[in-house]
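Residues per chain are reported as follows:
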Amino acid sequence: MAIDEVKIGGMGARQKRVEDNRFIRGKGNYVDDIVLPGMLHMEILRSPLAHARIRSIDVSKAWDIPGVRLVLTGETLAARNLAWMPTLSYDTQAVLATDKVRFQGQEVAAVVADDPYIAKDAVEAIIVDYEPLPAIVNPDQAMAPDAPLIRDDKANQPDNKIFDWEVGDREGTDRAFTEADHVSTIEMHYPRSHPSPIEACGSVADFDRSTGKLTVYMTSQAPHIIRAAVAMVAELPEHQIRIISPDIGGGFGNKVPVYPGYVISILASILAERPVKWIEDKTGNLISTGFGRDVYLKGELALRKDGRILGVRMHTTSDHGAFFSDAQPSKFKIGLMHSAFACYDIPSAHLTATGVYTNKAPGGVAYRCSFRVTEAMFFQERMVHAAADELGLDQAEIRRVNFVRDDDFPHRTPFGFLTDSGQYTKCLDLGLAAIDYEGFRREQAAAREQGRLLGIGISTMTEPLGAGNSREYDILGIKMFDAAELRVHMTGRAILRTGAKTQGQGHETTWAQIVAHELGIPADDVVVEEGDTDTAPFGMGTYASRSTPVAGAAVSMVARKIRAKARKIAAHLLEVSEEDIEWELGRFYVRSAPDRGVTIQECAMAAYSNVPDGMEPGLENHAYYDPPNLTWPFAAYIVTVEVDPDTGVWDVLRVVAVDDCGVRINPMIVEGQIMGGLTEAYAMANMQFITFDADGNCVGSNYMDYLLPTAWETPGFELHEVVTPCPHHPIGAKGVGECATVGGPAAFVNAVMDALKDTGVRNIDMPLLPDRVHQALTTGQDVSGAPPVDPEAS
Amino acid sequence: MYPPRFRYEAPRSLREAITLLQEGGGEAKILAGGQSLIPMLKLRFASPGMLVDINNLPGLDHLTRDGDGTIRIGALCRHEHIERSELITEHQPTIAAAAPLVADPIVRTRGTFVGSVCHADPQGDWAACMIALDGAIVAEGPGGRRSIAARDFVTGPFQNVLASDEIAVEAVIPPPQGEARGGYLKLERRIGDFATAAVAVAVDLRGDQVTRAGIALVGVGGTTIDARDAADALVGSPLSSDAIERAAELAAEAAQPRSDHRGSASYKRHIVRTFTSRILTQIDRSTQKAA
Ligand SMILES: Cc1cc2nc3c(=O)[nH]c(=O)nc-3n(C[C@H](O)[C@H](O)[C@H](O)COP(=O)(O)OP(=O)(O)OC[C@H]3O[C@@H](n4cnc5c(N)ncnc54)[C@H](O)[C@@H]3O)c2cc1C
């Protein structure tokens, strides 16, 4: 009798997360929990100005404070050739400023002291003489002919432009536009946001001169990449570098890049010959580390009267801050922006992209998305919404008319990606039925009679996840595959290690479930370990929803290798030839005599006690998985709102989400990911942004100004699913970590725009603060750009 | 959090506390709920030489109502206590409406009403309620006790009239002249957010006549704004839609908002008008219903 897969915590089981056992008891082990003997504490001095020349730095008063062990400036680093470091986007970034500061919050000096209080006092005692320069806070200013040059440190950098880039079919698209019945044009800004994980960044660097070994505990989503980077940048031998990412309190993309603080703490430990801890505060995290978005769009759709899209033109201008340090592994300058419109069957598309430097924090990270996919899908769904309104078409119908059909896969997207599977119309229709679309439209019309403004917004999209395949995606030349290592002990218990790094996604639970599914070993019998480069197999880390598509596939593949060996052992134990052996979950049996069988646990014991002649003992293996393609989950999000015409305040009435992320390993974890993503989507649409005043002061440097929604205002979510397995993934999974963050914002904005339809307003840039909605209502004009900021007020 | 170095004292009597404040000169700061002071220490915006923690002082956590209807809120009475108090729900509608809108549930368990008034944040909710209610702060110092009208208590952003050796021991809300009616509306971007704009309204009614009125505005000026003209316009006649309109207009005029990331100046002014009118209309409706 086969085992009940759900009972052993296999595929589809709503297993409670094993990691939560320690987290809810306060027993997690985060970087700040690491205490090493003789450990010193580091604090960073940050620039108060957005753009200024450094005339001098006087550190003498800092040295005077008892307990200060090191004071480091750009000069100290420059002497070791470490004042600048390479970025993941082939630019350079200052570790500690030498010549100029280029954004508010930039690292200027560091103090290492006996305790953090002393370090903080000493940092305040450093006197920096700045010569202020005009700050550039948006692309228009950056590209003005007389704009001050931000990156005067670089040769061949005459202006503030980073790149011009293009992709797609310019001529074909031009032709589509001449043939169109209607051209819809829209401009918008996707504001700067911040991943703001609850745990800020930090590290404990421990260089041991006696062994030559450098151990760094750090908040990294990708410890192996860090090891490679440290080996290359610091020219330390790779085998003498051990990066340990212990428990991580959220990442959302923020913990992919290499930050100055890590580098300085490593150097400090080498110089002090003692462990050095650096723990960033929340303000430091918000003002200096990788942000998300900050992209302007000019978008055009060429349409037929019936809503068929004939061509897409997009021009994006992205504000990258002072250093081009986007953390993304593709050759495409603007990431995967050209994954836009992948769910629609569109003959031609053309994208041009310009990137600029400004005096703002660097590091356009993929904040819970695959490298600019969030912007791509937001722009797409806002463009489609506006076009439908202009043509007087129904919002659902325009999407149905353009969807790639279920029988049209594999499908080449307008910009050349290859999608593999999906049931787009089915998903949308399921969502429309759930929210009672027709009923809502009637209710909306009735409410309008009484002066009440109801709106419904739809967002449908398929997005590329799981970077990458190794042909097209790499980080500093390292290809984007992942590995898993599985060791089954003699009692049938096992340890699994991967090169991914969980930060809240629940790998410790999910990976064990994959092993349970492949081998019939109960999930509770499998311990999962990640994050230590000395023990974990190589891997590119966890971001871009890539863990299940890549590392998860590697788990499957290594379990299958184990099963193949166990099958040989089973044949030996059952004294039949391997061809006569059949597998059911957890058990091999003789085909002709099904009650003669051995369990996987019995095979495990035999692997250590009774292997056939000539077979290597033991039951362990590893697998590298190089995904053949990206995976493409689909989602339909539908939101209804009511807008208060007097105040512009809008309340969410309902949120319906239909996600097709392929096969769901742990549906509860999947639902948690979707709810978290929708919460972030709501936050960006409603309240969240980082903006700057004219002097480049960051408004949004703490949680009073940068708002994370709480349980109080977060709406309820109604989740539905469609399952279209990924044809090229071993267990048919497509990844889900980011779908809702990516697809969600447009649904909220579209709902408000739908409520305002009669006013003629076509766009309000996020966040849709009550003020901005009210302004649109009273003026009938679009509201663009960042909210007003009074320089005196900040 | 790594604040600058300070001396910490936790006296057990008011006398002792006042002596410590005297000793500290201007360098000592009172620590009540810590929900404003601790963040300022964390950000190193404040660097007091000494913290005098008043949480151990006896007899300061009261929330009572005298026979004549006077409400007394002790210096250690937390926001949460006020929010859950039946006394307040029954007798003080302005305070009752504001209580669930102050900060977030976590902050409310620690922060104090009196501390909030002392802190004099132009975006603080309680100072506005106190002004609208013609309340007073009772302070004790080496020379004994004195009572200071809330209207005179706050002198500017984060500034009050207390001497450095005085402790505010209670907030006092005088009995209503008739029936106490009122409300509080606050536009916030999220729970726990300070007001983009908020309006406190307190109206005493005898029959349908307004005997006393107070309107105070939050987040629309350098300090809490006493919209005296708006309130005065209501006194001596019944609430009517005309009177409400006039008061709302005058309240909007009294606002001195600035544009910032919470909203534009003109929007904040509009919110003051809308909220004033909404609260008064609500009072008017419920009065008519009762009649
Ligand atoms: C996340 C967050 C959100 C918040 N949101 C809001 C909000 O929406 N609305 C709002 O009104 N407030 C808000 N607050 C502030 C909160 O209400 C504080 O509790 C209150 O402002 C101060 O009260 P406290 O007891 O905590 O005072 P403390 O922080 O202890 O002290 C504040 C100041 O008052 C002085 N002080 C305190 N008690 C006395 C006394 N008895 N005599 C003399 N001086 C005294 C102190 O010396 C100090 O200068 C928020 C706070 C936080 C942390």
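Residues numbered from 1 in each chain as written. Chains lettered and ligands numbered in written order. Predicted model: local features only at pLDDT ≥ 70, side-chain atom pairs only at ≥ 80, totals over all residues. Heavy atoms only, no water.

**Here's the deal with the overall build of chain B**
Check the secondary structure of chain B and you find 12 helices and 14 strands. Relative to the 2.2 N^0.38 estimate, which gives 19 Å for 291 residues, the radius of gyration of chain B is 19 Å and therefore close to what a compact globule would have. For chain B, buried positions account for 55% of its 291 residues. Summarising the internal contacts of chain B: among those between residues at least 6 apart in sequence, 62% fall at separations of at least 24. When the accessible area of chain B is evaluated, it comes to approximately 11800 Å², of which 49% is carbon and sulfur surface. Positive and negative charge centroids in chain B, built from 32 and 35 side chains respectively, lie 5 Å apart. (Helix = DSSP H or I, 4+ residues; strand = E, 2+ residues; numbered from the N terminus. Rg over C-alpha atoms; globule rule 2.2 N^0.38 Å. Buried < 20%, exposed > 50% of the residue type's maximum accessible area, 1.4 Å probe, protein only. Contact = heavy atoms within 4.5 Å. Areas by Shrake-Rupley, 256 points an atom, 1.4 Å probe, with all protein chains shown as cover. Lys, Arg positive; Asp, Glu negative; His and termini not counted. Charge placed at Lys NZ, Arg CZ, Asp CG, Glu CD.)

**Brief notes about the site of the ligand**
Neighbouring the ligand are 32 residues; Ile 30, Gly 34, Leu 37, Thr 112 and Asp 125 of chain B lie closest to it. Those chains with residues close to the ligand are chains A and B. Contacts to the ligand include Ser 36 of chain B, whose backbone N or O atom sits 2.8 Å from an oxygen atom. Backbone polar atom of Asp 193 of chain B to an oxygen atom of the ligand: 3.3 Å apart, as the coordinates give it. A total of 960 Å² of accessible area belongs to the ligand in isolation, and the protein chains cover 92% of it. (Near = heavy atom within 4 Å. Polar contact = N/O pair within 3.5 Å; in protein donor to acceptor, adjacent residues only side chain to side chain.)

**Considerations on the side chain of Asp 294 of chain A**
Residue and element names in this part refer to chain A. Checked against the element boundaries, Asp 294 lands in strand β15 (residues 292-303). The buried category is assigned to Asp 294, whose relative accessible area is 1%. Those residues in contact with Asp 294, other than ones at most four positions away along the chain, are His 189, Tyr 190, Pro 191, Arg 192, Thr 317, Ser 318, Asp 319 and Lys 360.

**Observations regarding the pairing of strand β11 (residues 202-208) of chain A**
Residue and element names in this part refer to chain A. With respect to burial, β11 is a largely interior element, five of its seven residues being buried. Examined bridge by bridge, β11 and strand β14 (residues 276-279) share four bridges and lie antiparallel to one another. Each residue of the ladder has a partner; that of Gly 202, found in β14, is Ile 279. Sheet topology note: the β11/strand β12 (residues 213-218) ladder contains six bridges and is antiparallel. (Pairing = 2+ DSSP bridges.)

**A few points about a nonpolar patch on the surface**
A cluster of nonpolar residues, Tyr 90, Met 232, Val 233 and Leu 476 of chain A, forms a patch on the protein surface that exposes about 390 Å² of accessible area. Within the fold, Met 232 of chain A resides in helix α7 (residues 223-233). (Patch = residues over 30% accessible without salt bridge, like charges linked within 9 Å, V, L, I, M, F, W, Y side chains within 5 Å. Salt bridge = Lys/Arg side-chain N within 4 Å of Asp/Glu carboxyl O.)

**Quick look at the domain arrangement of chain A**
Residue and element names in this part refer to chain A. One can read the domain layout of chain A as domain 1 (20-25 + 482-625) and domain 2 (419-465 + 630-794). Taken together, the contact pairs 19 residues of domain 1 with 16 residues of domain 2. Here domain 1 and domain 2 share an interface that buries about 1200 Å² over both sides, 61% of which is from carbon and sulfur atoms. At the surface where domain 1 touches domain 2, the tally comes to zero salt bridges. At the boundary of domain 1 with domain 2, the tally comes to eight residue pairs in polar contact (both at pLDDT 80 or more). Looking at the side of domain 1 that touches domain 2, the elements with two or more residues in it are α14 (507-519) and α15 (547-574). Here the side of domain 1 that touches domain 2 is composed, by residue class, of seven nonpolar, 10 polar and two charged. (Domains from an automatic or database assignment. Buried area = accessible area lost by both parts, 1.4 Å probe. Nonpolar A, V, L, I, M, F, W, Y, C, P; charged D, E, K, R; others polar.)

**Overview of a negative patch on the surface**
Taken together, the side chains of Asp 394, Asp 436, Glu 438 and Glu 443 of chain A define an acidic patch exposed on the protein surface. Mapped onto the fold, Asp 436 of chain A is located in the loop between α12 (424-435) and α13 (437-449).

**Section: the nonpolar core**
Residues and elements named next belong to chain A. With 165 residues, the main nonpolar core has Met 314, Phe 341, Tyr 543, Val 643 and Trp 650 as its most contacted residues. The leading source of residues in this core is helix α18 (residues 739-755), at 11 residues. The residue makeup of this core includes at least three contributed by each of domain 1 (20-25 + 482-625) and domain 2 (419-465 + 630-794). Each residue touching Tyr 543, except ones within four places of it in the same chain, is listed here: Gln 221, Ala 222, Ile 225, Val 256, Phe 371, Ile 475, Met 480 and Glu 738. (Core = buried A, V, L, I, M, F, W, Y, C linked by side-chain atoms within 4.5 Å.)

**Comments concerning the packing of aromatic side chains**
Evaluated as defined, the whole model comprises 26 aromatic pairs over all chains. Look at Trp 84 of chain A and Phe 323 of chain A: their rings are 5.9 Å apart centre to centre, the planes differ by 85°, and that puts the pair in the edge-to-face class. Of the two residues, Trp 84 of chain A is situated in strand β4 (residues 84-86) and Phe 323 of chain A in the loop between β16 (309-319) and β17 (348-356); the sequence distance between them amounts to 239 residues. Classification of Phe 323 of chain A by relative accessible area gives buried; the value is 0%. Taken together, a centroid distance of 5.0 Å and an interplanar angle of 90° make the contact between Tyr 117 of chain A and Tyr 2 of chain B edge-to-face. (Phe/Tyr/Trp six-rings, centres within 6.5 Å; stacked < 30°, edge-to-face > 60°.)

**Regarding the environment of Gln 141 of chain A**
All names here are of chain A. On the secondary structure map, Gln 141 appears in helix α5 (residues 139-143). You can call Gln 141 partly exposed: its relative accessible area is 32%. In this structure, the C-alpha to C-alpha distance between Gln 141 and Val 95, residues 46 residues apart in sequence, is 26 Å.

**Examining the sheet that holds strand β1 (residues 7-9) of chain B**
Residues and elements named next belong to chain B. Across the sheet, which stays open at both edges, the three strands sit in the order β1-β3-β2 with parallel pairing between neighbours. On the outer flanks of this sheet lie β1 and β2 (28-31), each paired with one strand and no other. Averaged over all pairs of adjacent strands, the angle between strand axes in this sheet comes to 25°, irrespective of strand direction. Where β1 lies against strand β3 (residues 50-53), three bridges are found, and the strand directions are parallel. (Axes fitted to C-alpha atoms, helices over the stretch in contact; angles between N-to-C directions.)

**Re the confidence of the model for chain B**
Summary statistics for chain B give a mean pLDDT of 96 and a share of 100% for residues scoring 70 or more. In the predicted assembly, ipTM is 0.95 and pTM is 0.97. (pLDDT = per-residue confidence, 0-100.)

**Notes on the interface of chain A and chain B**
Across the boundary between the two partners, chain A contributes 31 residues, which contact 24 residues of chain B. Carbon and sulfur atoms supply 58% of the area buried between chain A and chain B, which totals about 2500 Å² over both sides. Three residues stand out in chain A for area buried against chain B, namely Tyr 117, Met 704 and Asp 771 of chain A, and they jointly supply 19% of the buried area on that side. Along the contact surface separating chain A from chain B lie four salt bridges. As a salt-bridge pair, Glu 124 of chain A and Arg 44 of chain B come within 3.0 Å of each other at their nearest N and O atoms. Summed over the shared surface of chain A and chain B, the number is 12 residue pairs in polar contact (both at pLDDT 80 or more). Elements represented by at least two residues in the side of chain A that touches chain B include exactly α4 (116-125) and α19 (770-779) of chain A.

**A look at α14 of chain A**
Three- or four-residue spacings in an α-helix give side chains the same orientation, since the helix completes a turn every 3.6 residues. Residues and elements named next belong to chain A. Given a rise of 1.5 Å per residue, 13 residues ought to cover 18 Å, and the 18 Å separating the end C-alpha atoms of α14 matches this to within 8%. Among the 13 residues of α14, 12 are classified as buried, and the element is accordingly described as predominantly covered. Among all positions of α14, only His 507, Glu 508, Thr 509, Thr 510, Trp 511, Ala 512, Gln 513, Ile 514, Val 515, Ala 516, Glu 518 and Leu 519 are buried. Gly 520 sits one or two positions beyond α14 and adopts a positive phi of about 75°. (Expected span 1.5 Å × (residues − 1).)

**Section: α19 of chain A**
Residues and elements named next belong to chain A. α19 sits mainly inside the fold: seven of its 10 residues count as buried. Those residues of α19 not exposed but buried are Pro 770, Asp 771, Arg 772, Val 773, His 774, Ala 776 and Leu 777. Following α19 by one or two positions, Gly 780 has its phi on the positive side, about 70°.

**What about the confidence of the model for chain A?**
Per-residue pLDDT for chain A averages 95, and the proportion of residues at 70 or more is 99%. Counting interchain partners and residues more than four positions distant, the pLDDT-below-50 stretch residues 790-794 of chain A has 11 contacts.

**Points about the domain arrangement of chain B**
Residues and elements named next belong to chain B. When the domains of chain B are assigned, the result is domain 1 (7-53), domain 2 (63-173) and domain 3 (179-290). Placing the centre of domain 1 and that of domain 2 at their C-alpha centroids yields a distance of 19 Å. Between domain 1 and domain 2, the residue contacts involve 14 residues of the former and 15 residues of the latter. Buried area between domain 1 and domain 2, both sides added, is near 1200 Å², and the carbon and sulfur share of it is 69%. Sorting the residues of domain 1 by area buried against domain 2 places Leu 14, Ile 18 and Gln 35 first, and these three jointly supply 37% of that buried surface. Our count for the domain 1 to domain 2 interface comes out at one salt bridge. Between Arg 15 and Glu 140 there is a salt bridge, with its nearest N and O atoms 3.7 Å apart.

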